[in-house]
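So the chains spell out like this:
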Amino acid sequence: MSELFYSFFKSLIGKDVVVELKNDLSICGTLHSVDQYLNIKLTDINVTDAEKYPHMLSVKNCFVRGSVVRYVQLPADEVDTQLLQDAARREAHSQRQ
């Protein structure tokens with residue numbers, strides 16, 4: 001299943017996303033790259049709660065380890081949910097056989 005997510009996130013490179021980390025830090029930025037471990041590189045970032053994380057104001061690009069990501073918010077108009085559901089079903093079906 002992770003290969004499906006990897007392919008999906010690769011299709012979103014260049015789009016603006018919000019990455020919420022397990023420590024409650026939310027980072028908005030442009031998806032620059034993603035790898036097979038779902039590590040994410042963001043450019044042109046800003047944090048949603050700058051008062052709580054003032055040290056992040058000077059950071060413009062960051063690398064986020066996939067294991068610390070809680071959620072990734074995507075632009076709704078960029079997500080073809082039907083295509084994603086179909087791909088998930090095909091992958092699940094092929095793993096059963």
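Residues numbered from 1 in each chain as written. Predicted model: local features only at pLDDT ≥ 70, side-chain atom pairs only at ≥ 80, totals over all residues. Heavy atoms only, no water.

Some words on the packing of aromatic side chains
In step 1: If you walk through the whole model with that rule in mind, you get one aromatic pair.
In step 2: Relative to F9, the ring of F8 has its centre 5.8 Å away and its plane inclined at 65 degrees; by these criteria the two rings are edge-to-face.
In step 3: Here F8 falls in the buried class, since its relative accessible area comes to 13%.
In step 4: What makes F9 buried here is its relative accessible area of 13%. (Phe/Tyr/Trp six-rings, centres within 6.5 Å; stacked < 30°, edge-to-face > 60°. Buried < 20%, exposed > 50% of the residue type's maximum accessible area, 1.4 Å probe, protein only.)

Quick look at the UniProt feature "domain: Sm" (unreviewed entry) in the protein
In step 1: Feature annotation in UniProt places "domain: Sm" (unreviewed entry) on residues 4-78, given in this structure's numbering.
In step 2: The span residues 4-78 is 9% helical and 41% strand by assignment, and the distance between its end C-alpha atoms comes to 16 Å. (UniProt positions renumbered as here; feature names shortened; annotations may be inferred. Helix = DSSP H or I, 4+ residues; strand = E, 2+ residues; numbered from the N terminus.)

Some details on the sheet that holds strand 5 (residues 69-73)
One key point about sheets: their strands pair by backbone hydrogen bonds, in either a parallel or an antiparallel sense.
In step 1: With respect to topology, five strands assemble into an open sheet ordered 4-3-2-1-5, the strand pairing being antiparallel. Two strands in the sheet have a free side with no partner beyond their single neighbour: strand 4 (62-64) and strand 5. Looking at each pair of strands side by side, their axes are set apart by 45 degrees on average, direction ignored.
In step 2: Here strand 1 (residues 16-21) pairs with strand 2 (residues 26-34) via five bridges, running antiparallel. Across the sheet, the residue bridging to V18 is C28, located in strand 2. (Pairing = 2+ DSSP bridges. Axes fitted to C-alpha atoms, helices over the stretch in contact; angles between N-to-C directions.)

Brief notes about unusual backbone geometry
In step 1: A positive phi angle, close to 75 degrees, is found at D24, a residue other than glycine.
In step 2: Residue position: D24 is located in the loop between strand 1 and strand 2.
In step 3: Since its relative accessible area comes to 46%, D24 is described here as partly exposed.

Some points on the side chain of E20
In step 1: Looking at the element boundaries, E20 is found in strand 1.
In step 2: For E20, the contacting residues outside a window of four places in its chain are L25, S26, V69, R70, Y71 and Q73. (Contact = heavy atoms within 4.5 Å.)

A closer look at the pairing of strand 1
In step 1: Counting buried positions over the six residues of strand 1 gives five, a clear majority of the element.
In step 2: Where strand 1 hands over to strand 2, the hairpin turn is made up of four residues, of which D24 adopts a positive phi near 75 degrees.
In step 3: Sheet topology note: the strand 1/strand 5 ladder contains four bridges and is antiparallel. Residue pairing across strands places E20 opposite Y71, the latter belonging to strand 5.

Section: the pattern of salt bridges
In step 1: Considering all chains together, one arrives at three salt bridges under this definition.
In step 2: Residue E20 pairs with R70 through a salt bridge whose shortest N-O separation is 2.7 Å. Placement of E20 in strand 1 and of R70 in strand 5 is noted, with a sequence separation of 50 residues between them.
In step 3: We note a salt bridge from R89 to D86, for which the minimum N-O separation is 3.2 Å. Of the two residues, R89 and D86 both sit in helix 2 (residues 81-96), three residues apart, roughly one turn of that helix. (Salt bridge = Lys/Arg side-chain N within 4 Å of Asp/Glu carboxyl O.)

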